[in-house]
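Results of the structural survey
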Amino acid sequence: MQSEKILELKELHISFTQYTRGLQRRTIENVCGLSFSTYAGEVTALVGASGSGKSLLAHAVMGLLPYNASMDGEIFYRGRLLEKEQIEQLRGSEILLVPQGASYLDPLMKSGAQILKGSRDPQKKAKLKEIFQRYHLKEDAAALYPFELSGGMSRRVLIAAATIEEPKLMIADEPTPGLEKKTAKMVMGHFRELAEMGSSVLVITHDLELAVETADRILVMHEGRVAEEAFPADFQAEETLRHPYTKALWRAMPSHWSVSARGANDEER
Ligand SMILES: Nc1ncnc2c1ncn2[C@@H]1O[C@H](COP(=O)(O)OP(=O)(O)OP(=O)(O)O)[C@@H](O)[C@H]1O
Ligand SMILES: [Mg+2]
């Protein structure tokens, strides 16, 4: 049986209107007909170049697009059109975003309090302790303010803050830069556990290698839309990938450098 469709984007367009000198209006479309779905029980990775619109799409789902953005297309959550009122209700509980960059932490609130969102629930406190252990955060890190945390620690605090909620849909925007491979894999492992509990997890990442090693499905974003939807097994060989951009990404993966160098030499001969 196919598992429940959690998120569905249909022909999403996001554009910005800018005013140039002489007050001329210019519209730039950054997301151009993006469609894909995610499912309960799955970890889906979304990879794409910097500036390809990955964070925009995450913010669109969360209803947090900047004021100068305009959006067209439809976003469905569990089969229902996700309207403004609904996302405002679900955001932060059923639908969660681990935002890109640690600046989203409240600078005036200690990290532990931030994760618990003021809750004194002993169960949540116990879970916080467990999550801190899992991410190798010392217990006293809960008493630190964001400016006292290193970049890697901030990232882990953000992830801890999101995972304590057990969301139905979790979008993690670049959750692993600044983390060593082992910790990055552990973070992905925790997302996998969330998926096994029934969540749908969408991980936005530059790290294709990590995506191939840990996700169920990989969406390759190019020029504002999904160029290819592939399974990790498709990345075993260049031939099983369809889009030229995905093939280029494949050749750029460190584990394929020797193969692509050989390919280039063959062509020279
Ligand atoms: N408020 C804004 N006004 C104008 N353009 C914007 C605004 N926010 C984002 N953009 C543009 O939209 C495009 C997509 O941005 P986005 O942040 O989604 O990229 P991304 O794929 O997440 O990149 P990265 O991998 O570097 O995080 C970029 O070209 C960016 O300059
Ligand atoms: Mg981004």
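Just so it is clear, the structure is predicted and the values come from calculations on it, not from any experiment.

Describing an aromatic ring pair means giving the distance of the ring centres and the angle of the ring planes. What the rule picks out here adds up to one aromatic pair. Between Tyr145 and Phe147 the ring centres are 6.3 Å apart and the planes differ by 10°, which places this aromatic pair in the stacked class. A residue is classified by how much of its surface remains accessible, and Phe147, at 67% relative accessible area, is exposed.

Moving on to the side chain of Thr38. Residue placement: Thr38 occurs in strand β2 (residues 24–39). Not counting residues within four places of it along the chain, the set of residues in contact with Thr38 comprises Glu4, Lys5, Ile6, Leu7, Thr44, Leu169, Ser200, Leu202 and Arg217.

With that out of the way, let us pick up the pattern of salt bridges. All chains considered together, the criterion is met by 12 salt bridges. Residue Glu8 pairs with Lys5 through a salt bridge whose shortest N-O separation is 3.5 Å. Linked by salt bridges that have partners in common, Glu4, Arg78 and Glu94 make up one network.

Here helix α5 (residues 151–163) is 13 residues long and its end C-alpha atoms lie 19 Å apart, about the 18 Å a rise of 1.5 Å per residue gives. Taking burial as the measure, the 13 residues of α5 include 11 buried ones, the bulk of the element. Along α5, the residues that are buried comprise Gly152, Ser154, Arg155, Arg156, Val157, Leu158, Ile159, Ala160, Ala161, Ala162 and Thr163.

What follows deals with the coordination of the magnesium ion (ligand 2). Bound to the magnesium ion (ligand 2) on the protein side are Ser55 (OG) and Gln100 (OE1), at distances that span 2.0 to 2.1 Å. Here Ser55, found in helix α1 (residues 54–62), pairs with Gln100, found in the loop between β6 (95–98) and α3 (111–116); they are 45 residues apart in sequence, far enough to count as distant.

Here we come to the packing of α5 against helix α6 (residues 181–196). The interhelical angle for the contact between α5 and α6, taken along N-to-C directions, is 10°, at an axis separation of 12 Å. By the angle class used here, α5 and α6 are roughly parallel. Along the contact surface, α5 presents Arg156, Ile159 and Thr163, while α6 presents Thr183, Val187, His190, Phe191 and Leu194. In terms of residue class, the contact of α5 with α6 is made up of four nonpolar, three polar and one charged.

Glancing now at the site of ligand 1. Near ligand 1, the surroundings consist of 15 residues, among which Ser50, Gly51, Lys54, Ser55 and Leu56 are the closest. For ligand 1, an oxygen atom lies 3.4 Å from a polar atom in the side chain of Asn30. At 3.3 Å, a side-chain N or O of Asn68 approaches a nitrogen atom of ligand 1. Burial of ligand 1 by the protein chains amounts to 68% of its free accessible area of 640 Å². Secondary-structure elements contributing two or more residues to the shell around ligand 1 are β1 (5–20) and α1. Looking at which element gives the most residues to the shell around ligand 1, the answer is α1, with three residues. For the shell around ligand 1, a count of residues per class yields four nonpolar, 10 polar and one charged.

With that out of the way, let us pick up unusual backbone geometry. Most peptide bonds adopt trans geometry, and most residues besides glycine take a negative phi value. In this model, Arg78 sits at a positive phi of 50°, which is unusual for a non-glycine residue. Relative to the helices and strands, Arg78 is located in the loop between β4 (69–77) and β5 (80–81). With phi around 50°, Glu174 is a residue other than glycine that occupies positive phi space. Note on placement: Glu174 falls in the loop between β7 (169–173) and α6. Judged by relative accessible area, which is 6%, Glu174 ranks as buried.

Further remarks concern the environment of Phe147. Within the fold, Phe147 resides in the loop between α4 (122–134) and α5. It is 27 Å that separates the C-alpha atoms of Phe147 and Gly51, two residues lying 96 residues apart in sequence.

With eight of nine residues buried, α1 lies mostly within the body of the structure. Along α1, the residues classified as buried are Lys54, Leu56, Leu57, Ala58, His59, Ala60, Val61 and Met62. Just downstream of α1 lies Gly63, where phi reads positive at about 70°.

On to the nonpolar core. Ranked by size, the top nonpolar core spans 47 residues in total, and within it Ile115, Met170, Phe191, Val201, Ile218 and Phe235 carry the most contacts. Every residue in contact with Phe191, bar those within four places of it in the chain, is listed here: Val43, Ile159, Thr163, Met170, Ala172, Pro175, Val201 and Val203. The next biggest cluster of nonpolar side chains, apart from the first, holds 32 residues, and it includes Leu7, Ile14, Val61 and Leu169.

We now examine the pairing of β1. Where β1 lies against β2, 13 bridges are found, and the strand directions are antiparallel. Bridge pairing in β2 places His13 opposite Cys32. Count of turn residues in the β1/β2 antiparallel hairpin: three residues, of which Gly22 carries a positive phi of about 80°. Looking at chain direction, β1 and β4 are connected through eight bridges and run antiparallel. Of the residues in β4, the one forming a bridge with Leu9 is Ile75.

Here is what the cut-offs are and how they apply
Residues numbered from 1 in each chain as written. Chains lettered and ligands numbered in written order. Predicted model: local features only at pLDDT ≥ 70, side-chain atom pairs only at ≥ 80, totals over all residues. Heavy atoms only, no water. Phe/Tyr/Trp six-rings, centres within 6.5 Å; stacked < 30°, edge-to-face > 60°. Buried < 20%, exposed > 50% of the residue type's maximum accessible area, 1.4 Å probe, protein only. Helix = DSSP H or I, 4+ residues; strand = E, 2+ residues; numbered from the N terminus. Contact = heavy atoms within 4.5 Å. Salt bridge = Lys/Arg side-chain N within 4 Å of Asp/Glu carboxyl O. Expected span 1.5 Å × (residues − 1). Donors = N, O, S within 2.8 Å, 3.2 Å for Na, K, Ca; no water. Axes fitted to C-alpha atoms, helices over the stretch in contact; angles between N-to-C directions. Parallel < 35°, antiparallel > 145°, perpendicular 65-115°, else oblique. Nonpolar A, V, L, I, M, F, W, Y, C, P; charged D, E, K, R; others polar. Near = heavy atom within 4 Å. Polar contact = N/O pair within 3.5 Å; in protein donor to acceptor, adjacent residues only side chain to side chain. Areas by Shrake-Rupley, 256 points an atom, 1.4 Å probe, with all protein chains shown as cover. Core = buried A, V, L, I, M, F, W, Y, C linked by side-chain atoms within 4.5 Å. Pairing = 2+ DSSP bridges.

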